[in-house]
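Examination of the molecular architecture
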Amino acid sequence: DVTFHCANEELLTQLWAKRKSLLVYINPFGGKQCGKRIYEQKVAPMFRRASISADVIVTERANHARDHLKTEANLDKYDGVVCVGGDGMFSEVLHGLVTRIQTDNGVDQNQPDAELVPCSLRIGIIPAGSTDCICFGTVGTNDPVTSALHIIVGDSQPMDVCSVHHDDIFLRYSVSLLGYGFYGDVLTDSERTRWLGPARYDLSGVKTFLSHNYYEGTISFLPAENNMGDPRDKLQCRSGSMYNGSSGWSVIRAEFIAINAASMSCACPRSPKGLSPAAHLADGTTDLILVRKCSRLDFLRHLVRHTNKGDQFDHSFVEVHRVRKFCFQPWHHELVSLEDPIESPKKTGFSSICSAQTTSNYSSWNCDGEILPDAAIQVR
């Protein structure tokens, strides 16, 4: 318990006099399916004590919150929007809110270089998902009461948002991870076993690791200027500073096991430092991590370092760049496995898990937990 004392009663009245009004979306299906209970038992009582009124909508289907924000919600009534759920629920609310603001202001999101109109409403997150990476990376913990307190006192944390396009067609926004290769394959495989709940990611992770596929392609990127820091400098910026200028585009054509763009650390309880521990939260850059073809053992060493204090970038086959924009173009070859024999008999049982998935020419992009329909993308 924390008790606050204020000698100036008039000041205290001013601080709490304005009655806040929030629009709350609850995902009852995410994570361990306890979002509604978390809100009703832990969050709603705190909002009432802080004189915060809330209009609550329990979502009934995928993209319910996004569609409601895009077309129906009267945003003028509210001081903020709150999502109760995981990273997918936050993404839904983000897409709905950003799209609504751009539509109202006549901005064409299909234009890759369009200047988006900022949104005056903040998004609060009450964690109730599988990993809650976005909440963990911004607040530092996955605790509903802590997040509710941040919302009540009006804390604000700016964040970077990446726009993802394919041939001048808008696909999605990303605030945490864009992953091609390993993380794209994990997500694609996990969609087949959604009935397992969060455990499906562990199973798909093992299967994808054993398959050990790599993908050929060309990555072009516009590096951030030197004063933006380095992904390996261990200095995390949260201030929302933006700078101009860069040193020109770089192009790398290679065979990759994974291409990851981390717009935040992507930390979570299982990976306390995340994919890019020093990623800046709000400076207009993303950390582009390129993992080239290597042995299965070397890739395992790289993955294990995400769970401890080791430098996951300290490998000859890993490079990381802080960038403002990047483009990826896959090569149109058949997917191959690093242990690919010249002629392979049909595999069954456990051995089939380790085989190359030669039915696809390339991987899929994992965009904050959603699969993108195109492999060739432009990101800003």
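Scope of this entry: the structure provided in the associated data block.

Cut-offs used in this document
- Residues numbered from 1 in each chain as written.
- Predicted model: local features only at pLDDT ≥ 70, side-chain atom pairs only at ≥ 80, totals over all residues.
- Heavy atoms only, no water.
- Helix = DSSP H or I, 4+ residues; strand = E, 2+ residues; numbered from the N terminus.
- Buried < 20%, exposed > 50% of the residue type's maximum accessible area, 1.4 Å probe, protein only.
- Contact = heavy atoms within 4.5 Å.
- Areas by Shrake-Rupley, 256 points an atom, 1.4 Å probe, with all protein chains shown as cover.
- Phe/Tyr/Trp six-rings, centres within 6.5 Å; stacked < 30°, edge-to-face > 60°.
- Lys NZ or Arg CZ within 6 Å of the ring centre and 35° of its normal.
- Polar contact = N/O pair within 3.5 Å; in protein donor to acceptor, adjacent residues only side chain to side chain.
- Pairing = 2+ DSSP bridges.

To continue, consider the overall build of the protein chain. Of the regular secondary structure elements, the protein chain holds 10 helices and 15 strands. The burial tally for the protein chain puts 49% of its 380 residues in the buried class. Long-range contacts, defined as pairs at least 24 residues apart, comprise 79% of the intrachain contacts of the protein chain with a sequence gap of at least 6. Accessible surface, the protein chain as shown: approximately 19,100 Å² in total, 51% of it carbon and sulfur.

This part is about the environment of F90. Looking at where F90 falls in the secondary structure, it is placed in helix α4 (residues 87-104). Sequence separation of F90 and Y25 is 65 residues, and the distance between their C-alpha atoms is 9.7 Å.

Looking now at the packing of aromatic side chains. Counted under the stated rule, the structure contains 10 aromatic pairs. Measuring from ring centre to ring centre gives 6.3 Å for Y39 and F47, while their planes differ by 70°; the resulting arrangement is edge-to-face. You'll find Y39 and F47 in the same group, each marked buried. Relative to F328, the ring of Y180 lies with its centre 4.6 Å away and its plane at 50°, an arrangement referred to as tilted. Here Y180, found in strand β7 (residues 177-181), pairs with F328, found in strand β11 (residues 318-330); they are 148 residues apart in sequence, far enough to count as distant. The same class applies to Y180 and to F328, which are both buried. Through a chain of ring-to-ring contacts, three or more aromatic side chains come together here, namely Y180, Y215, F326, F328 and W365. A cation over a ring is seen here: K293 above Y214, with NZ or CZ 5.0 Å from the ring centre.

Next up on the list: the side chain of Q109. Secondary-structure assignment places Q109 in the loop between α4 and β4 (122-127). Its relative accessible area of 14% is what places Q109 among the buried residues. For Q109, the side chain forms a polar contact with the side chain of Y173, separated by 2.5 Å. Once you skip the residues sitting within four places of it in the chain, Q109 turns out to touch V98, T99, Q102, H165, F170 and Y173.

What follows deals with unusual backbone geometry. Unlike most non-glycine residues, S51 shows phi in positive territory, near 60°. Here S51 is to be found in the loop between α2 (35-49) and β2 (53-58). Owing to a relative accessible area of 32%, S51 belongs among the partly exposed residues under this scheme. Residue D168 is not a glycine yet carries a positive backbone phi of 60°. By secondary structure assignment, the location of D168 is in the loop between β5 (162-166) and β6 (169-174). Under the relative-accessibility criterion, D168 is labelled exposed at 51%.

So, on to the pairing of strand β1 (residues 21-26). Of all the 6 residues making up β1, 6 are buried; the element is thus mostly covered by neighbouring parts of the structure. Burial of the side chains of β1 extends over both faces: S21, L23 and Y25 are buried on one face and L22, V24 and I26 on the other. Two strands pair when backbone bridges link them, and β1 and strand β3 (residues 80-85) are joined in this way by 5 bridges, in the parallel orientation. By the bridge assignment, V24 is partnered in β3 with V82.

Scope: geometric values only; no functional claims are made or implied.
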